[in-house]
Amino acid sequence: MNLKKMILVAVLAVSQTAAAVPAFAIPASTQSITGNVAAAVNTTQTVVTQEEPSATDPLPPLVTEAPAGTVTPTPTPIPAATAVPAATAVPVVPAATPTPLPAVTQAPVDGVVPTDAAVPTATPLPGSTQVLQPTTAGLTTSATGGGQLILMMNSNKMYRNGTPYTANQPMAVKNGVSYVSIRAMVEMVGVSYTYDYKTKEVIVTKGTSIMRFKTDSKIYTVNGAKNTMKGPAYQFKGTFMVPLTSITYALNIPYTVDNVQKRVILTLNTKPTASFTVQPTEIYAGQTTVNYVTSYSSPNGTPMAEEQWGGNKLDMYDQPGFYTVTYSVRDANNLWSDPYSVTIQVLQPNQPPVAQFTTDKDEYKMGEPVILTDTSYDPEYEELTTTWSNRGLAYFNPGPTSIQLTVTDKHGLSSTFEKTINITSEQLYTQDEVAKLFTIPGDVLTFDGGLIPGLPNLPYNLSSDSYTLIRSNSPETVNTEGVLYRETSVGKTRFLVHHMNNMTTRQKLYVIATNNGIYPATISTEYSGIAGPVTSPEYTGRISIQKYYNSMITGSSASQIVLQPGQSVPILTDLNKIAMKPKEVLSLSADLISDYPILYNVVMVEQTKDPVAVLPTLPILDRDGVHNRGTYPDSTRIINVTDVVGTTQSKLILGDNKNDLNLIGIDPMTGTEASNSGNFGVLYKIVLDRVAANTLITFNPRGGNYLGSLMVNGTIVNLPNKGSLSSSDMNAVVFRTGEYEGPVDITFSVASGSNLPVNFVFTPLPAKK
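Residues numbered from 1 in each chain as written. Predicted model: local features only at pLDDT ≥ 70, side-chain atom pairs only at ≥ 80, totals over all residues. Heavy atoms only, no water.

S.K.: How would you sum up the overall build of the chain? Please name residues and give values.
M.R.: Of regular secondary structure, the chain possesses seven helices and 51 strands. Evaluated residue by residue, the chain yields a buried proportion of 48% over its 769 residues. Sequence-distant contacts, at least 24 apart, represent 73% of the contacts inside the chain between residues at least 6 apart. Total accessible area on the chain is roughly 35,400 Å²; 54% of this is exposed by carbon and sulfur atoms. (Helix = DSSP H or I, 4+ residues; strand = E, 2+ residues; numbered from the N terminus. Buried < 20%, exposed > 50% of the residue type's maximum accessible area, 1.4 Å probe, protein only. Contact = heavy atoms within 4.5 Å. Areas by Shrake-Rupley, 256 points an atom, 1.4 Å probe, with all protein chains shown as cover.)

Shown next as structure tokens:
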């Protein structure tokens, strides 16, 4: 019988030793149990990441289960004679002898209330929740705020920065998972915890994170998010036990495992952090009051006890230069943060700008142009805002006339200059003649709008360039996420995209290109203009067209992208750099070329979503019944006028669907015919071979408010420079020829948000005097 018992004990010992081999010691290839044991023995120290393993607990199981015995209610320092086992790889920082933790009255051990939930002397009411603050007495932390907690395997001994303590329960192995007392852990780390008697949960609070561990459950939560542990939490002799990997993961505590000396070494970070910002961003000597906005945080949520400033901290600096200011804080655990430093540049005191201008002479006839030259400047070379008072192209009342100019810098300092000129009683030009002869391009002059429709139309030759236009403009007001447009195109493709976010959340607008072919496809961007997001549809239309023209001049949008077969990527990505707030609008005008067919999707989705990932699930949105969408061929119209223009007043009308017919295409989402009302997205190239000398070209809206721009002979002209063209009596000056006949080229595309039709008016100028 004795021999049988000895054999049985030996077999059990071997099986326990094999079970104690940690998972982290197993190489990627399959090993025998003997190989695993050898690997564990030969490993001096293993670094364990914070990610919880997917299979078995990474900590080496204890060789024996925790022995039954008396439970120590709080971590108690071991007598000073006890030494920490030496380790070559992880040195132990010596610390001063701590004050022992105060004893806590323990609730009756009935298997319901764990010792981890320290109970006050007064018995709590049933179902109540008891709040426990972190115990800091007797816990020594290094001067730098770094901490080290060593848990000994097969023991209830712990070492906090070299000071020995006794846990209320040793590390235990249950079903291959290493467990620790949650109370011992959180007290050593220095975070607060509570025990909810009703739900049987330990609630750990670290900073803004709230963690809940429930008895007999593998699930714990962090701020409501569920996490799965390797084994369920349980209570043993009044102590709440949790898997060590789970509590270290929850508290974000990195650790290493020393297999040789049978210990787990946790690295604690308890030092607070401090920072500050300086406002305002520009500080002027003797003028600016400096505000210091501080920020404090603690890994354990420990409150701040003291703050300290260093360096040259002043509320106002008298002299310009560079000044360094430092800021440190001490928390309630007597730990100081690292000093945080900011170097402040103090500038020379801001000087007011100087307003001044000149006139080409001091005395003028009535109707004689007055040439004003602004010579204002700012001592700091800052951009100035100018405001004129009584400025005119010419003056028509004889006598002295005063003109004022006020300039203002970005800090609000301003100055004003005034000059008086004299107007004689002799007249040179009438007011109408002055407006036609001297109004600068982009400024507005007034015609009788009722007379313009009666002017003769210019005869011209019409041809086209084979750009396929994709007009995504319906639903213009988008009420739900989805696909706004879907079309396949190859070769020259033009986009006009104009949509408003009418949802309550921030959205992003994308153009997604997909290569459904079997060969790599290249998409070349020629020109593009993107504006928004802002709340004004007219503004986005104007700015996007303006940027579109500018890219033609500068080539700034030229780029290429290669799509592999089956690949989908967002293109024209400036469109989705900024999310659209509710009621904001985005506009896009762009020209692309692809060498193979590309499927294009215009989509709007919530700002945090991956548009490519959700694309298959998005619905195709319906048209709104008001605005237009469609795919249209031949969207570049070339208007060539070979006759002499400007000898008599005439007009060129665009977008009326009579003289300038709408493009006819198809709505690919419904398969129905579409008519491009107003010809939005069409690029007009107007080539005037012969424009007479002294001819004025103006832009006149006929369908309502207009705000846009065009290019004339390669120069961008606003329509208009200020405000908008709100009536048919308003004409924005486009171009004025000189003393000789010559060609004029106009590039024009209707700005989204504006109205059609429009006229170009050609008017002979009065003779100059």
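S.K.: I'd love a proper account of the sheet that holds strand E14 (residues 234-236), names of residues and values included.
M.R.: Read across the sheet, four strands follow the order E7-E8-E15-E14 without closing on themselves; strand pairing throughout is antiparallel. Unpaired on one side and paired on the other, strand E7 (172-174) and E14 mark the two borders of the sheet. Between one strand axis and the next, the sheet turns by 45° as a mean value, whatever way the strands run. Judged from the three bridges that link them, strand E8 (residues 177-181) and strand E15 (residues 239-243) form a sheet pairing that is antiparallel. Counted as the bridge partner of Val180 is Val242 from E15. The strands touched by helix H3 (residues 182-189) within the sheet are E8 and E15, with E8 carrying the most contacts at an inclination of about 65°. (Pairing = 2+ DSSP bridges. Axes fitted to C-alpha atoms, helices over the stretch in contact; angles between N-to-C directions.)

S.K.: Account for the confidence of the model for the chain, naming residues and giving values.
M.R.: Counting all residues, the mean pLDDT for the chain is 83, and 81% of those residues have values of 70 or more. Across residues 3-144, where pLDDT falls below 50, the model places 270 contacts with residues more than four positions away in sequence or in other chains. (pLDDT = per-residue confidence, 0-100.)

S.K.: Please give an account of the sheet that holds strand E47 (residues 708-712) that cites residues and values.
M.R.: Spatially, E31-E41-E45-E50-E47-E48 is the arrangement adopted by the six strands of the open sheet, whose pairing is mixed. This sheet does not close on itself; its edge strands, each paired only once, are strand E31 (461-465) and strand E48 (715-719). Taking the axes of each pair of neighbouring strands and ignoring which way they run, one obtains an average angle of 25° across the sheet. Relative to strand E50 (residues 742-749), E47 is paired through two bridges, and the arrangement is antiparallel. From the neighbouring strand, Val712 faces E50, where its bridge partner is Ile746. Helix-sheet contacts for helix H6 (residues 537-554) involve strand E45 (683-691), E47, E48 and E50, and the interaxial angle to E47 is about 20°.

S.K.: Any details on the packing of aromatic side chains? Residues and values, ideally.
M.R.: The geometry of an aromatic ring pair is captured by two quantities: the separation of the ring centres and the angle between the planes. Using the criterion set out here, one finds 23 aromatic pairs in the structure. Through a chain of ring-to-ring contacts, the aromatic side chains of Phe276, Tyr292, Trp309, Tyr327 and Tyr340 assemble into a single cluster. Stacked on the ring of Tyr234, the Lys or Arg Lys174 has its end atom at 4.0 Å from the ring centre. Above the ring of Trp309, the side-chain terminus of Lys313 is found at 4.8 Å from the ring centroid. (Phe/Tyr/Trp six-rings, centres within 6.5 Å; stacked < 30°, edge-to-face > 60°. Lys NZ or Arg CZ within 6 Å of the ring centre and 35° of its normal.)

S.K.: For a nonpolar patch on the surface, give the residues involved together with the corresponding values.
M.R.: On the surface, Ile518, Tyr519 and Tyr596 cluster together into a nonpolar patch covering about 350 Å² of accessible area. By secondary structure assignment, the location of Tyr596 is in strand E39 (residues 585-606). (Patch = residues over 30% accessible without salt bridge, like charges linked within 9 Å, V, L, I, M, F, W, Y side chains within 5 Å. Salt bridge = Lys/Arg side-chain N within 4 Å of Asp/Glu carboxyl O.)

S.K.: Outline H6, supporting the account with residue identities and numerical values.
M.R.: Over its 18 residues, H6 runs 26 Å from end to end, which matches the ideal 26 Å to within 8%, given 1.5 Å per residue. If you check which residues of H6 are buried, you get Pro537, Thr540, Gly541, Arg542, Ile543, Ser544, Ile545, Tyr548, Tyr549 and Ser551. (Expected span 1.5 Å × (residues − 1).)

S.K.: I'd like to hear about helix H5 (residues 431-438), residue by residue, with values.
M.R.: Among the residues of H5, Val434, Lys436 and Leu437 are the ones counted as buried. The inward-facing, buried residues of H5 abut strand E30 (444-446), strand E46 (695-701), strand E49 (730-736) and strand E51 (758-764).

S.K.: Please provide a residue-by-residue account of the pattern of salt bridges, values included.
M.R.: Scanning all chains against the criterion turns up 18 salt bridges. Glu368 is paired through a salt bridge with Lys361; the nearest N and O atoms lie 2.5 Å apart. One network of salt bridges, in which partners are shared, links Arg623, Arg629 and Asp667.

S.K.: Tell me about the nonpolar core, and please be specific about residues and values.
M.R.: Formed by 42 residues in total, the largest nonpolar core has its most connected members in Phe699, Leu710, Ile746, Phe748 and Phe760. Top contributing element to this core by residue count: E45, with five residues. Setting aside its immediate chain neighbours within four residues, Leu710 contacts Tyr549, Phe699, Thr715, Ile716, Val717, Leu719, Val734, Ile746, Thr747, Phe748 and Phe760. In terms of nonpolar packing, the next biggest core, distinct from the first, is built from 37 residues, Tyr197, Phe213, Leu251 and Val257 among them. (Core = buried A, V, L, I, M, F, W, Y, C linked by side-chain atoms within 4.5 Å.)

S.K.: Pulling in residues and values, what's your account of the environment of Leu652?
M.R.: Here Leu652 shows up in strand E42 (residues 650-654). Overall, Leu652 belongs to the buried group, its relative accessible area being 2%. Distance in space between the C-alpha atoms of Leu652 and Pro456 is 8.5 Å, their sequence separation being 196 residues. If near-sequence neighbours (up to four positions away) are discounted, Leu652 is found in contact with Leu458, Tyr460, Ile686, Val758, Asn759, Phe760 and Phe762.

S.K.: An account of the environment of Glu187 is needed here, citing residue identities and associated values.
M.R.: Along the chain, the position of Glu187 falls in helix H3. A polar contact of 3.3 Å, which involves the side chain of Glu187, links it to the side chain of Tyr193. (Polar contact = N/O pair within 3.5 Å; in protein donor to acceptor, adjacent residues only side chain to side chain.)

S.K.: Describe the pairing of strand E9 (residues 192-196), with residues and values.
M.R.: Burial runs high along E9: five of the five residues are buried. Taking every second residue as pointing to the same face, both faces of E9 are buried, with Ser192, Thr194 and Asp196 on one and Tyr193 and Tyr195 on the other. Two elements, E9 and strand E10 (residues 201-206), share five bridges in a ladder whose sense is antiparallel. Residue pairing across strands places Thr194 opposite Ile203, the latter belonging to E10. Two successive antiparallel strands, E9 and E10, enclose a turn made up of four residues, where Lys200 displays a positive phi of approximately 60°.

S.K.: Tell me about the environment of Gln564, residues and numbers included.
M.R.: Within the secondary structure layout, Gln564 lies in the loop between strand E37 (559-563) and strand E38 (568-571). Along the chain, Gln564 and Gly517 lie 47 residues apart, while their C-alpha atoms are 8.6 Å from each other. When residues no more than four places from it in sequence are discounted, the contact partners of Gln564 are Asn515 and Pro520.

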